[in-house]
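# Analysis of the macromolecular model
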Amino acid sequence: MLVSAAVCPCPPLLVPAVAAGAAPELDATRDACADALGVLAASRPDRLVVVGPAAGTADLETYPQGAHGSFRGYGVAVDVTLDGKPPGPEHREGRSGAELPSSLAVAAWLLAHVAWTASPIQGLAVREPLDPERCIKSGKDITTGDERVALLVMGDASACRTLKAPGYLDERAAAFDAEVARALGSADVAALAALDEPLATDLKAAGRACWQVLAGAAEGASLGGALLYDDAPYGVGYLVAAWS
């Protein structure tokens, strides 16, 4: 059963070394993410499942605790592991297994940033765009049984809020993001489940599939929500919410 959830954006710029001189611009976002993770820890879950969007051929791909990721593709020597601990040299030598996609690598950095120790961790990458029905079923499968499960759901809103946004300006983006923010802030499971997949794809909203995994997981859980952050730096919607 789902006992709590946190929703965070997943730009690599959340990692200060990647953002470099622009790092302070996202300090408020990082603080909100840390607050949301605090809600997860307080729920004392038996397991934390980190859900994030990914490109690739597999619809869903799981990653075990300790899976590694890296931001070296962004020009910085920062490595992470999905275990809540800052990586040491032993994490970079003799690695095996698939590398975490970017969204889960950002989640791994956030968990290390707050020194997560509340429960074991599992990663789940969701291909974009995966159809809503499959996303919702996946969420239900995660929370089947009596185990107390928490979700950390990674994903950005639209990337079309301004002329300089990655997807250029789309007049539909602000309204789409506002509805997602409302749904996340009020834990409106039905609204998340009903998000328009073609519209989300047009607006380059990478979080849509993962939010619908959350909708499936939260069905019947009767959780309350709080919106902790809502802004669109760089023309991309970043939302942080906590459900408990």
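Remember, it's a predicted structure, so these values are computed and weren't measured experimentally.

Before going further, it helps to examine the pairing of strand 8 (residues 225-231). Consecutive side chains of a regular strand alternate in pointing toward one face of the sheet and then the other. Here six bridges tie strand 8 to strand 9 (residues 238-243), and the two strands are oriented antiparallel to one another. Bridged to L227 within strand 9 is A241. Joining the antiparallel neighbours strand 8 and strand 9 is a turn of six residues, in which Y234 adopts a positive phi near 65°.

Okay, the layout of surface pockets next. Taken as a whole, the largest pocket holds about 180 Å³ of empty space. Lining of the largest pocket is provided by C10, P12, P53, A54, A55, Y74, S102, S103, E128 and A206. Taken together, the elements giving at least two residues each to the lining of the largest pocket come down to strand 2 (47-54) and helix 4 (102-113). Partitioned by chemical class, the residues of the lining of the largest pocket number seven nonpolar, two polar and one charged. For the second largest pocket, the calculated volume is near 150 Å³. Around the second largest pocket, the lining residues are P11, D156, A157, A159, P166, K204, A206, V236 and Y238.

Our next topic: the sheet that holds strand 2. What the seven strands build is an open sheet, ordered 3-6-2-7-1-9-8; its pairing is mixed. Lying at the two open borders of the sheet, with one neighbouring strand each, are strand 3 (60-63) and strand 8. The average undirected angle you get between the axes of adjacent strands in this sheet is 20°. By the bridge criterion, four bridges tie strand 3 to strand 6 (residues 121-127) in an arrangement that is antiparallel. Within the sheet, the bridge partner assigned to L60 lies in strand 6 and is V126. Packing against the sheet, helix 4 makes contact with strand 1 (2-8), strand 2, strand 3, strand 6 and strand 7 (149-154), and its axis sits at approximately 140° to strand 2.

Before going further, it helps to examine the side chain of S119. The residue S119 is located in the loop between helix 4 and strand 6 in this model. For S119, the side chain forms a polar contact with the main-chain nitrogen of L48, separated by 3.3 Å. Not counting residues up to four positions away in its chain, the partners in contact with S119 are P45, D46, R47 and L48.

The rules behind the values
Residues numbered from 1 in each chain as written. Predicted model: local features only at pLDDT ≥ 70, side-chain atom pairs only at ≥ 80, totals over all residues. Heavy atoms only, no water. Pairing = 2+ DSSP bridges. Helix = DSSP H or I, 4+ residues; strand = E, 2+ residues; numbered from the N terminus. 1 Å grid on protein atoms, 1.4 Å probe; cavity = no way out; pocket = protein on both sides within 12 Å on 5 of 7 lines; lining within 4 Å. Points joined across faces, edges and corners; volume = space filled by probe spheres on them. Nonpolar A, V, L, I, M, F, W, Y, C, P; charged D, E, K, R; others polar. Axes fitted to C-alpha atoms, helices over the stretch in contact; angles between N-to-C directions. Contact = heavy atoms within 4.5 Å. Polar contact = N/O pair within 3.5 Å; in protein donor to acceptor, adjacent residues only side chain to side chain.

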